[in-house]
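Commentary on secondary and tertiary structure
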Amino acid sequence: ALERTLSIIKPDAVAKNAIGAIVGRFEAAGLKVVAAKLKQLSRKEAEGFYAVHKERPFFGALVEFMISGPVFIQALEGEGAIQKNRDLMGATDPKKADKGTIRADFAESIDANAVHGSDSAENAAIEIAYFFATTEVVSA
Ligand code: CMP
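Reference entry: report on the structure contained in this document. For clarity, every value in this text was computed on a predicted model and none was experimentally measured.

Cut-offs used in this document
- Residues numbered from 1 in each chain as written.
- Predicted model: local features only at pLDDT ≥ 70, side-chain atom pairs only at ≥ 80, totals over all residues.
- Heavy atoms only, no water.
- Helix = DSSP H or I, 4+ residues; strand = E, 2+ residues; numbered from the N terminus.
- Buried < 20%, exposed > 50% of the residue type's maximum accessible area, 1.4 Å probe, protein only.
- Arc of directions from axis to C-beta.
- Contact = heavy atoms within 4.5 Å.
- Pairing = 2+ DSSP bridges.

**Some details on unusual backbone geometry**
The general pattern is negative phi for most residues beyond glycine and trans for most peptide bonds. Positive phi values are uncommon outside glycine, yet N17 reaches one of about 60°. For N17, the location among the structural elements is in the loop between α1 (11-15) and α2 (19-28). Look at A114: it is not a glycine, yet its phi comes out positive at around 75°. By the element assignment, A114 lies in the loop between α6 (102-106) and β4 (115-117).

Structure follows, in structure tokens:
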């Protein structure tokens, strides 16, 4: 099915000047950028975005990391976009990520892991709406 998913290029990958290289992988895989912005997240925005992880031991470090520098947020559209993006990213922990995936190539650790991607259609809709107004998502 034609789907949309939320992608965040995290502060580590933005700091490495890897925005273009990562977006290039999405586009080469047939995903279309239908919304995008560079943004410095506030603590409140980062806490709200990751609210499902609030009780996890890594929550504090995750929020600190996500506000440590600008992030590049996109909505991606395409056939099976949610799974396609997850396949391109590789495992959450870059040490476990398959060769040739974004996390294997750009990430240093499970915390600084280069990218976020929605894990389900339900969360994709919630996450896209968290960062983009409907008028900011533009598809041909
Ligand atoms: P992300 O897909 O952005 O969703 C939550 C993030 O928490 C995850 O990527 C990791 O960067 C970070 N994280 C840190 N430790 C863990 C862990 N043990 N399990 C899952 N996510 C973790």
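From this point, the discussion proceeds with the structure in view.
**Comments concerning helix α7 (residues 121-131)**
Turning to α7, its buried residues are A124, E127, I128 and F131. Projected onto a plane normal to the axis of α7, the buried residues spread over an arc of 100° and lie on a single side. Every exposed residue of α7 that faces more than 90 degrees away from the buried side is listed here: E122, A125 and A129. Among the structural elements, β1 (2-9), β2 (32-39), α3 (43-49), β3 (71-79), α5 (81-89) and β4 are those in contact with the buried residues of α7.

**Quick notes on the pairing of β1**
Inspection of the sheet shows β1 paired to β3 by eight bridges, in the antiparallel sense. What sits directly across from I8, in β3, is I73. The pairing of β1 with β4 spans three bridges and is classified as antiparallel. Paired with I9 across the bridge in β4 is V115.

**Brief notes about α2**
Those residues of α2 not exposed but buried are I22, V23 and F26. Buried residues in α2, looked at end-on, bunch into an arc of 95°, giving them a common side. In α2, the exposed positions that point more than 90 degrees away from the buried face belong to G20 and A28. Once α2 ends, the next one or two residues include G30, with phi positive near 95°.

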